[in-house]
Amino acid sequence: MSILKLKLDQEQLVEDFFENTHLIGIASTARDYQLCWQINRQLHTNFRVNNLLEITLSKKNRSFHFTVMEFHEATNSVSHYFYNNHCQAEFLLPELKHIHFLWMIKGDYYQADDIKKLLEQLRLVPLVQLVSLLDTREIKNKMNLIF
């Protein structure tokens, strides 16, 4: 009897997950719930914690839990995810240690002008210190963002 082994094509998984996405990096010293509350108020979003999406990384015999908040726009089939990039002394994306939070927009509704407008609106949120559009092709550990 032969044993069938299935191998997960990680490159294809990453490519599929990040198709039609925009990733925004946010620097802020606020806690995730405080920042999301401000963003929800000013940008009329509805970010809520989804414990099922929480990302757990194990390093040095310890587990680190990274919160993920989400909201969905029913009218245009767009999903928004707000990742906490740090937990204690570890980072979800170690190459982006200066970025505290990541906002991922999944869906093909948003165009470049829409993202530019969103970045401008985010810069007006009092708790936000820095906002930048990130290129997912340049992120080494983007597999950590997949839930």
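Everything below is about the structure shown above.
Worth saying up front: this structure is predicted, and the values here are computed from it rather than measured.

> I'd like a rundown of the pattern of salt bridges, residues and numbers included.
A complete count under the given rule lists two salt bridges for this structure. Lys59 serves as the salt-bridge partner of Glu90, at 3.2 Å between the closest nitrogen and oxygen. Placement of Glu90 in strand β8 (residues 90-91) and of Lys59 in strand β3 (residues 55-59) is noted, with a sequence separation of 31 residues between them. Overall, Lys59 belongs to the partly exposed group, its relative accessible area being 28%.

> Can you lay out the packing of aromatic side chains for me, pointing to particular residues and giving the numbers?
Both the distance between ring centres and the angle between the ring planes are used here to describe each pair of aromatic rings. The tally for this structure, following the rule as stated, stands at nine aromatic pairs. With centroids separated by 5.1 Å and ring planes inclined at 80°, the aromatic side chains of Phe47 and Trp103 adopt a geometry described as edge-to-face. With Phe47 in the loop between α2 (32-43) and β2 (48-49) and Trp103 in strand β9 (residues 101-106), this residue pair connects regions lying 56 residues apart in the sequence. By way of ring pairs, the aromatic residues Phe17, Phe18, Tyr81, Tyr83 and Phe147 are connected into one cluster. Above the plane of the ring of Phe17 lies Lys106, whose end atom (NZ or CZ) is 4.0 Å from the centre.

> So what about the environment of Val125? Which residues, and what values?
Take Val125: it is sitting in the loop between α3 (112-123) and β10 (130-134). Among residues more than four places away in sequence, those in contact with Val125 are Leu35, Gln38, Ile39, Gln42 and Leu43.

> Describe α3, naming the residues involved and giving the relevant values.
Helix length check: α3 (twelve residues) gives 17 Å between terminal C-alpha atoms against 16 Å at 1.5 Å per residue, within 8%. Along α3, the residues classified as buried are Ile115, Leu118, Leu119 and Leu122. The buried side chains of α3 occupy one side of the element, clustering within an arc of 100° when seen end-on. Among the exposed residues of α3, those oriented more than 90 degrees off its buried face are Asp113, Lys116 and Lys117. Of the surrounding secondary structure, the elements contacted by the buried residues of α3 are β1 (21-27), α2, β9 and β10.

Definitions and cut-offs
- Residues numbered from 1 in each chain as written.
- Predicted model: local features only at pLDDT ≥ 70, side-chain atom pairs only at ≥ 80, totals over all residues.
- Heavy atoms only, no water.
- Salt bridge = Lys/Arg side-chain N within 4 Å of Asp/Glu carboxyl O.
- Helix = DSSP H or I, 4+ residues; strand = E, 2+ residues; numbered from the N terminus.
- Buried < 20%, exposed > 50% of the residue type's maximum accessible area, 1.4 Å probe, protein only.
- Phe/Tyr/Trp six-rings, centres within 6.5 Å; stacked < 30°, edge-to-face > 60°.
- Lys NZ or Arg CZ within 6 Å of the ring centre and 35° of its normal.
- Contact = heavy atoms within 4.5 Å.
- Expected span 1.5 Å × (residues − 1).
- Arc of directions from axis to C-beta.

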